[in-house]
Each structure stands twice: as structure tokens, then as C-alpha cells.
Amino acid sequence: MFDIEVGSALVMGLILGGVILISAWLIWLERRLLGVWQDRLGPNRVGPFGLGQVIADMFKIFTKEDWVPPFADKLVFIVAPPIIMICILLSFAVIPIAPNVGIIDLNIGLLWVLAMASLAAYSVMLGGLASNNKYALLGSLRAAAQMVSYEVFMGISLLGVVMLSGTFNLREIVESQRDGWYILPQFFAFIVFAIASVAESHRLPFDLPEAEQEIVAGFHTEYSGMKFGMFFVGEYIGVLLASALMSVLFFGGWLPPFGIGPEDSIVAGIFWMLLKTMVFVCFFVLMRAAIPRPRYDQLMSYGWLVLLPLSLINLLITGAVILFQGV
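Quick caveat, the model's predicted, so the values are computed rather than measured.

Novice: What is the right way to read the overall build of the chain from this model?
Specialist: Within the chain one finds 11 helices and zero strands. N-terminal to C-terminal, the α/β element order of the chain is α-α-α-α-α-α-α-α-α-α-α. Principal axes of the C-alpha set define a box for the chain whose edges measure 65 × 50 × 45 Å. Counting the 327 residues in the chain, one finds 51% classified as buried. Look at the contacts in the chain between residues 6 or more apart in sequence, and 79% of them connect residues 24 or more apart. Surface accessibility of the chain: about 15,400 Å² in total, with carbon and sulfur atoms responsible for 73%. Here the chain contributes 17 positive and 23 negative side-chain charges, whose respective centroids are spaced 10 Å apart.

Novice: Would you mind going over the confidence of the model for the chain with me for this structure?
Specialist: Mean pLDDT over the chain stands at 85; residues scoring 70 or higher make up 95%. Within the chain, helix 6 (residues 170–175) carries the highest mean pLDDT (92), whereas helix 8 (residues 212–215) carries the lowest (65).

Novice: Mind showing me how you'd approach the environment of P256 here?
Specialist: Residue placement: P256 occurs in the loop between helix 9 (225–250) and helix 10 (266–290). As a C-alpha pair, P256 and F271 span 15 residues in sequence and 9.3 Å in three-dimensional space.

Novice: What is the right way to look at empty space enclosed by the protein in this model?
Specialist: Unoccupied space between atoms shows up once a probe the size of one water molecule is rolled over them. Evaluated as defined, the whole model comprises two cavities of 30 Å³ or more. The volume enclosed by the largest cavity comes to roughly 300 Å³. Lining the largest cavity are 22 residues, and of these A117, E200, S201, G238 and L241 sit closest to its centre. Secondary structure elements with two or more residues in the lining of the largest cavity: helix 3 (74–91), helix 4 (109–130), helix 5 (134–165), helix 7 (187–200) and helix 9.

Novice: How should the side chain of S201 be read in this particular structure?
Specialist: With respect to the helices and strands, S201 occurs in the loop between helix 7 and helix 8. The class of S201 is buried, set by a relative accessible area of 9%. In this structure the side chain of S201 is engaged in a polar contact, spanning 2.9 Å, whose partner is the backbone oxygen of S197. Not counting residues within four places of it along the chain, the set of residues in contact with S201 comprises E235, V239 and F284.

Novice: Which parts of the structure should I look at to understand the environment of I61?
Specialist: Along the polypeptide, I61 turns up in helix 2 (residues 52–63). Separated by 169 residues in sequence, I61 and M230 have C-alpha atoms that sit 10.0 Å apart. Setting aside chain neighbours within four positions, we find I61 in contact with G225, M226 and G229.

Novice: Is there a simple way to explain the packing of helix 7 against helix 9 in this structure?
Specialist: The relative placement of two packed helices is expressed as an angle between their axes plus a distance between the axes. Relative to each other, helix 7 and helix 9 sit at 170°, their axes nearing to 10 Å. If you check the angle between helix 7 and helix 9, you find them roughly antiparallel. Contacts between helix 7 and helix 9 involve A189, F190, F193, A194 and S197 from the former and A242, L245, M246, L249 and F250 from the latter. Within the contact of helix 7 with helix 9, the residues separate by chemical class into nine nonpolar, one polar and no charged.

Novice: Before we go on, may I ask you to explain the packing of helix 5 against helix 7 in this structure?
Specialist: Where helix 5 meets helix 7, the axes come as close as 9 Å, and the angle between the chain directions of the two elements is 155°. As summarised for this structure, helix 5 and helix 7 are arranged roughly antiparallel, according to the angle between their axes. Between helix 5 and helix 7 lies a crossing of left-handed hand. Taking contact as the criterion, the partners of Q146, M147, V148, Y150, E151, F153, M154, S157 and L158 in helix 5 are, on helix 7, A189, V192, F193, I195, A196, S197, A199 and E200. For the contact of helix 5 with helix 7, a count of residues per class yields 12 nonpolar, three polar and two charged.

Novice: Help me understand the packing of aromatic side chains in this model?
Specialist: A full pass over the atoms with the stated rule returns 18 aromatic pairs. Between the aromatic rings of F187 and F188, the centroid separation amounts to 5.7 Å while the plane-to-plane angle is 75°, which identifies the pairing as edge-to-face. Judged by relative accessible area, which is 49%, F188 ranks as partly exposed. Ring geometry for Y223 and F231: centres 5.1 Å apart, planes at 80°, overall edge-to-face.

Novice: Just checking my understanding: could you explain the pattern of salt bridges for this structure?
Specialist: Opposite charge on two side chains makes pairing possible when the charged atoms of those side chains draw close. Across all of its chains, the model carries eight salt bridges by this definition. Between D57 and R31 there is a salt bridge whose closest N-O contact spans 3.0 Å. Of this pair, D57 sits in helix 2 while R31 is found in helix 1 (residues 9–37), placing the two residues 26 residues apart along the sequence. Looking at R31, the relative accessible area reads 31%, which means it is partly exposed.

Novice: Hey, could you run me through helix 10 in this one?
Specialist: Residues three or four positions apart in an α-helix share a direction because the helix packs 3.6 residues into each turn. In a regular helix each residue adds 1.5 Å, so 25 residues correspond to 36 Å; helix 10 covers 36 Å between its end C-alpha atoms and thus fits that length. Among the residues making up helix 10, those that are buried are A268, G269, W272, M273, K276, T277, M278, F280, V281, F284, V285 and M287. Among the structural elements, helix 1, helix 7 and helix 9 are those in contact with the buried residues of helix 10. Regarding helix 10, its N-cap is S265, as a side-chain oxygen of that residue lies 3.3 Å from the backbone nitrogen of A268 further along.

Rules and cut-offs
- Residues numbered from 1 in each chain as written.
- Predicted model: local features only at pLDDT ≥ 70, side-chain atom pairs only at ≥ 80, totals over all residues.
- Heavy atoms only, no water.
- Helix = DSSP H or I, 4+ residues; strand = E, 2+ residues; numbered from the N terminus.
- Buried < 20%, exposed > 50% of the residue type's maximum accessible area, 1.4 Å probe, protein only.
- Contact = heavy atoms within 4.5 Å.
- Areas by Shrake-Rupley, 256 points an atom, 1.4 Å probe, with all protein chains shown as cover.
- Lys, Arg positive; Asp, Glu negative; His and termini not counted.
- Charge placed at Lys NZ, Arg CZ, Asp CG, Glu CD.
- pLDDT = per-residue confidence, 0-100.
- 1 Å grid on protein atoms, 1.4 Å probe; cavity = no way out; pocket = protein on both sides within 12 Å on 5 of 7 lines; lining within 4 Å.
- Points joined across faces, edges and corners; volume = space filled by probe spheres on them.
- Polar contact = N/O pair within 3.5 Å; in protein donor to acceptor, adjacent residues only side chain to side chain.
- Axes fitted to C-alpha atoms, helices over the stretch in contact; angles between N-to-C directions.
- Parallel < 35°, antiparallel > 145°, perpendicular 65-115°, else oblique.
- Nonpolar A, V, L, I, M, F, W, Y, C, P; charged D, E, K, R; others polar.
- Left-handed = near helix turned anticlockwise from the far one by under 90°.
- Phe/Tyr/Trp six-rings, centres within 6.5 Å; stacked < 30°, edge-to-face > 60°.
- Salt bridge = Lys/Arg side-chain N within 4 Å of Asp/Glu carboxyl O.
- Expected span 1.5 Å × (residues − 1).

Below, the structure is given as C-alpha cells:
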């Protein structure tokens, strides 16, 4: 029999391999969904339904010249792209996929994810600084300010979930939602977390660090080949991580809605976890298709003047309700 317990080598390989494969497939999914929502064709020529387009793009990236600018800080320039991939993949180590399915259960799992998100900011910052290019530098400074700022609101928004569950362990947070998902008592926290997740992954409409019409391509202007591929795929892995976190923290993770089906079945758990995660992935794509990009000052002002007070008010009300119920 195969060992499917938490932390087994089989589970570790399947989760990490599956994350990378799904993230690559999301490139095709995003193009197809954008085509549907914008009333045009997506990739549909290479392979069935255009699925071969992703494979063709991978071959193109692998065979493209891996150029390092002579004016760049070569060591930092080379080291920067893998950082974002490593940090996001390490975050998946604490994500519970189904009952008894996961890589590791940490008592500080939620703090681990936030710590890895903070370290990922170094990737874009170092990439822009090492490029010795004014457009890349501007993009890296924008990315650092944006990611550090929205991490504050993201962390505060999750404190309400921690207060209700009494733990930082993500698997225990899922288990604590058997009597009801946290989306209802923590609706405003979910809104803040969702917006902060878009800003953290610098996806449209919050892709100001790589706004083409202003700064060419931002922090990865000088990158090509697999180094650019790491930044590119790392963005999709970040989207998948944010979607999985929304499912785990606010929508019961692998728990079925309305008690549909068994709650402790591994197969059913994986199905529900994947389904919820993919719904949020489609939400990320829909935002790209529907919402225009704000100015950078508007993005930062929105975070500090709207999301910060909203997350603090949610935390205050949650604490008051818990104290009132305990009296």
C-alpha cells in the first residue's frame, strides 16, 4: 500500500509536483477565461483545446538565451528569481489538502506562510536592484512598498480567524469550521485578505510594479530565459497559494458545503479543496478582465486609509464578541 500519511515522501512529491503542474496549466486557463469574458478566442491551435500552447511556451523559455547584462550585479541577479519560487513552494508545505494529507502540520503554520510571503518580497526587490536599470529599480521599489504595506493588512485580517479557532495550525483551523465556515463571521476579514492577496501577488489590477506603459516591465525588465520564467510561473504559484489559503481559512478547506458527502474521506476532501481553490483562481482571472489599473498613489492610499481601518475594526468587533460570549 502507498503511504499517504502527512509528511510522507509520496505526499510531498505529489503536492509539490502538482502545484508546479497546476500553476503551469493556469497560464492556459487564464488565457481561455480571458477569451471567454472578453468575447474573443484564446489559445486553441496547439494541441486539443490549445493545451499544447503551455508546452510550447515552456520549450521556448528553456531554449531561450539566458543572458546576464554586463552592467548588472551578476550574483544577485542570478540568485533573485529562485527566491520567489522557493518561498512560495515552502508555503505549500503547511497547507492541508485533505484529512491526513499534507506535508507537515506546524503549530505556527499561518505565521510560516506570512513569513514566507515577507521573504518573497526580497526576490523582486533584489532583481530590480541588481539589474542596474532605472525602470527595473522603480519597479522593485514599487513592489517592495506594495508587498510590505499589504502584508500588514493581510496579517491583521487573519487575527480574527486565529481568535475564533484558537490556533495558528492550518489543519486545526479547518477542523474548527465543522460547525460553520468563517466566511460568515469574518466576511470583512475575507474581503481585506482577498484584496491584499491580489496586491501581494502583484496581479492585475494591482500590477503596478510591472506596469508596461510606465516602466516597461518593472523589476524583470532585464531578465530572459528561465530566470524570467521563474518570475512568471512564481506569480501563478502565488495565485494558487492565495486561493488555497482563502479556501482553508474562510471556506472550510476540504470540508464539504452543507454536509454534502463524507467529511473525512481523502478523495472527497481533495475534490472539495481543489474545487474551492479553482473557484478563487477564476476570481483572480476575472479581476484582471474586469477592473482597470489604479494609479500607484491610489493603491497605497486605499490600503492605508481603507483596508487598515477596516481590518482593525473587524478585529475589535471579533474580540468584543468573543469576550461577550465568554462572560
